[in-house]
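Spelled out from the first residue to the last, the chains are:
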Amino acid sequence: MTVPVFEEYEPAIDCTCAGCAVQRRTAARAVAVRYGGHPAAHGARRALVLATAAGVVLSCGAAGAAAAAGPTAGVPRADEEPDPVPATPQGAAGPLKGGGASGPPSDNAVLAKTTRAEIINRAKKWVAAKVPYSMEKYWSDGYRQDCSGYVSMAWNLGTNEWTGSLANYATRIARADLQPGDMLLFHNPADPSKGSHVTIFGGWTDYRRTHYIAYEQARPQTRKQSTPMAYWNNSDRYIAYRYKGLSAGNPGSGSGTAFPGAGQFGPGANNAHVTRLGEMLVERGGKRFYEIGPGPVWSAADRRATQAFQQAQGWKGAEADGIPGPDTWRLLTTGTGRDIPPGATGGSPNTSVAFPGRGYFQPGQSNSHVDRLGRQLVKKGYGKHYVSGPDPRWTEADRRNVEAFQRAQGWRGSAADGYPGPETWRRLFA
């Protein structure tokens, strides 16, 4: 049998423009053909290769046409997802709007004193105000509305700095030593407008220290959210710094943050530190554990309230034994970390939270259950879709975060629709 000779040609149904013809020929010739065996088979093999190449080209053309026609129905495009790493261009170092000095501090310059609690409180003001991101505009306090202007404001520098000058006001520290009010800075000297960014460290969200609460100025507005250490991208290039003008508080005023030592707490303890601990725990949501209020004598109420606060941070085992350590004390005295979640009066911190029902988690709903759900999602590491943190109003960000959690359980279809049911709730609060 004679094997027919196949010529390279473009079918009449294809586009006949010169560009497409060249593309098809190039693709066909690029296919490597190895011959061996009987000579009569060579033509057949070449014909098969050419036919395959033509099919590849035609299929690519079909795919391109489908892409041009638009996304497949029901399949969200990647660009519809909120970007956790927004572009953050920034202005140069300069004075506050309306005047003032600028430039790096001199060796003998006296920096404005501030405390960790004051830094975090200033950072929270922009979060609450939802300050829009801008490298040209200035907020009412005179600070530029970009990432470095935000840190300049939180540190109360009195000038608008940029990522290339903020380190002049700080001391480099190890990431393991980060505390609320410190900053994580990435400055790209080769191209400052590409990737350079800075965040305010707000505290760890889990005992493994893989995520932290980042206060940052990013598009579209100031946000506070759980963030992987040190950031979504360029993580290895972020450096931790501590403000040089940091003050530990006024001695003797009761506002000091120094940990008095574990020996001041536990069975048999009777001192003012126990009272102070109880008062701070009450302020952070632990009132239900105390029948008559905090006092100097250590009690089971102190232990239970302390344990509830520790568990609210995501700590487990020895990290949440009900006895305050340096980290527990630091979060309480600086007003950072997560509050004790609501619960039944007199309830134990180990009591599971009952699922309130599906009706609370629907568009248009606003209630404490939505807020509790959001906080738990962030604690578990599923809060990336929040722009400014969870609140009582149900939003699409809540639904997407729930969906991410459900998919992490291996669920698909209607089982991962983003609306919590009893099993989703149980696993979240387990």
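Treat the numbers as computed from the prediction; the structure is a model and nothing was measured. (Residues numbered from 1 in each chain as written. Predicted model: local features only at pLDDT ≥ 70, side-chain atom pairs only at ≥ 80, totals over all residues. Heavy atoms only, no water.)

Before we move on, could you go through the overall build of the protein chain and cite the residues and values that matter?
In terms of helices and strands, the protein chain carries ten helices and eight strands. Expressed as a percentage of its 430 residues, the buried residues of the protein chain come to 41%. Taking the intrachain contacts of the protein chain between residues at least 6 apart in sequence as the baseline, contacts between residues at least 24 apart amount to 58%. (Helix = DSSP H or I, 4+ residues; strand = E, 2+ residues; numbered from the N terminus. Buried < 20%, exposed > 50% of the residue type's maximum accessible area, 1.4 Å probe, protein only. Contact = heavy atoms within 4.5 Å.)

Before we move on, could you go through the side chain of Thr227 and cite the residues and values that matter?
With respect to the element layout, Thr227 can be found in strand β7 (residues 222-228). Judged by relative accessible area, which is 0%, Thr227 ranks as buried. Separated by 3.1 Å, the side chain of Thr227 and the backbone oxygen of Gln225 make a polar contact. (Polar contact = N/O pair within 3.5 Å; in protein donor to acceptor, adjacent residues only side chain to side chain.)

Describe helix α5 (residues 272-286), with residues and values.
Under the 1.5 Å per step criterion, the end-to-end length of α5 is only 18 Å for 15 residues, more than 12% shorter than the ideal 21 Å. Here α5 starts with a cap whose side-chain oxygen sits 2.9 Å from the backbone nitrogen of His273, and that cap is Asn271. (Expected span 1.5 Å × (residues − 1).)

An account of the pattern of salt bridges is requested, with residue identities and associated values reported.
Taken as a whole and assessed by the stated rule, the structure comprises 14 salt bridges. Glu216 is the partner of Arg223 in a salt bridge, and the nearest nitrogen-oxygen pair spans 3.0 Å. For the salt bridge of Glu423 with Arg427, the shortest nitrogen-to-oxygen distance reads 2.9 Å. Remark: Arg427 and Glu423 occur in helix α10 (residues 422-428); sequence separation between them is four residues, near one turn of the helix. For Glu423, a relative accessible area of 31% corresponds to the partly exposed category. A relative accessible area of 31% means that Arg427 is categorised as partly exposed. Here the residues in one salt-bridge network are Glu396, Arg399, Arg400, Glu403 and Arg407, joined through shared partners. (Salt bridge = Lys/Arg side-chain N within 4 Å of Asp/Glu carboxyl O.)

Describe in detail the nonpolar core, supporting the description with residues and values.
Soluble globular proteins tend to bury their nonpolar side chains together. Grouped together as the largest cluster of nonpolar side chains are 40 residues, with contacts concentrated most on Trp155, Met183, Tyr215 and Leu373. Excluding its chain neighbours within four sequence positions, the residues that come into contact with Leu373 are Phe361, Trp394, Val402, Pro420, Trp425, Leu428 and Phe429. (Core = buried A, V, L, I, M, F, W, Y, C linked by side-chain atoms within 4.5 Å.)

With reference to specific residues and values, describe the sheet that holds strand β8 (residues 239-243).
Spatially, six strands are ordered β3-β8-β4-β5-β6-β7 in an open sheet, and the strand pairing comes out antiparallel. Edge positions in the sheet fall to β3 (170-173) and β7, since each has one partner strand and no second. In this sheet, adjacent strand axes meet at a mean angle of 40° when their direction is disregarded. Pairing between strand β6 (residues 211-217) and β7: seven bridges, direction antiparallel. Its bridge partner being in β7, Ile213 is matched across the sheet by Ser226. This element, helix α3 (residues 116-129), spans β5 (197-204), β6, β7 and β8 of the sheet and lies at about 60° to β6. (Pairing = 2+ DSSP bridges. Axes fitted to C-alpha atoms, helices over the stretch in contact; angles between N-to-C directions.)

Now, about unusual backbone geometry: what can you tell me, with residues and values included?
Put simply, Arg219 and Pro220 share a cis peptide bond, and its omega is 5°. For Pro220, the position within the fold is in the loop between β6 and β7. Cis geometry is adopted by the peptide bond preceding Ala230, which originates at Met229 and carries an omega value of 0°. Relative to the helices and strands, Ala230 resides in the loop between β7 and β8. Even without being a glycine, Asn156 presents a positive backbone phi close to 60°. Here Asn156 shows up in the loop between α4 (147-154) and β2 (159-160). Residue classification places Asn156 among the partly exposed positions, given a relative accessible area of 32%.

Break down α3 for me, citing the residues and quoting the values.
Between the first and last C-alpha of α3 there are 20 Å, a value that for 14 residues agrees with the 20 Å anticipated at 1.5 Å per step. Where the residues of α3 are buried, they touch α4, β5, β6, β7, β8 and α7 (326-334). Looking at the residues trailing α3, positive phi occurs at Lys130, about 55°.

Run through the confidence of the model for the protein chain, naming residues and quoting values.
Scored by pLDDT, the protein chain has a mean of 77; 72% of the residues are at 70 or more. Contacts from residues 249-256, a stretch scored under 50 in pLDDT, to residues over four places away or in other chains number six contacts. (pLDDT = per-residue confidence, 0-100.)

Please set out the pairing of strand β4 (residues 183-186) residue by residue, giving values where relevant.
Residue alternation in β4 divides its side chains into two sets, Met183 and Leu185 and Leu184 and Phe186, and both sets are buried. Summarising the sheet, β4 and β8 pair through three bridges and their orientation is antiparallel. Following the sheet pairing, Met183 is matched in β8 by Tyr241.

Could you give me a rundown of the packing of aromatic side chains, with the residues and numbers involved?
Taken as a whole, this structure holds 17 aromatic pairs when the rule is applied. With a centroid separation of 5.7 Å and 45° between ring planes, the pair formed by Phe265 and Trp329 is classed as tilted. Here Trp329 lies in helix α7 and Phe265 lies in the loop between β8 and α5, a separation of 64 residues in the sequence. Its relative accessible area of 7% is what places Phe265 among the buried residues. Taking relative accessible area as the criterion, Trp329 reaches 4% and is therefore assigned buried. What links up through ring pairs into an aromatic cluster is the set Phe355, Phe361, Trp394, Tyr419, Trp425 and Phe429. (Phe/Tyr/Trp six-rings, centres within 6.5 Å; stacked < 30°, edge-to-face > 60°.)

Tell me what's going on with the environment of Arg122, and back it up with residues and numbers.
Mapping Arg122 onto the fold places it in helix α3. The spacing of Arg122 and Met153 is 31 residues in sequence and 7.4 Å in space, taken between C-alpha atoms. Excluding anything up to four places from it in sequence, Arg122 contacts Thr114, Met153, Ala154, Trp155 and Asn156. Only 2.7 Å separates the side chain of Arg122 from the side chain of Thr114, close enough to count as a polar contact.

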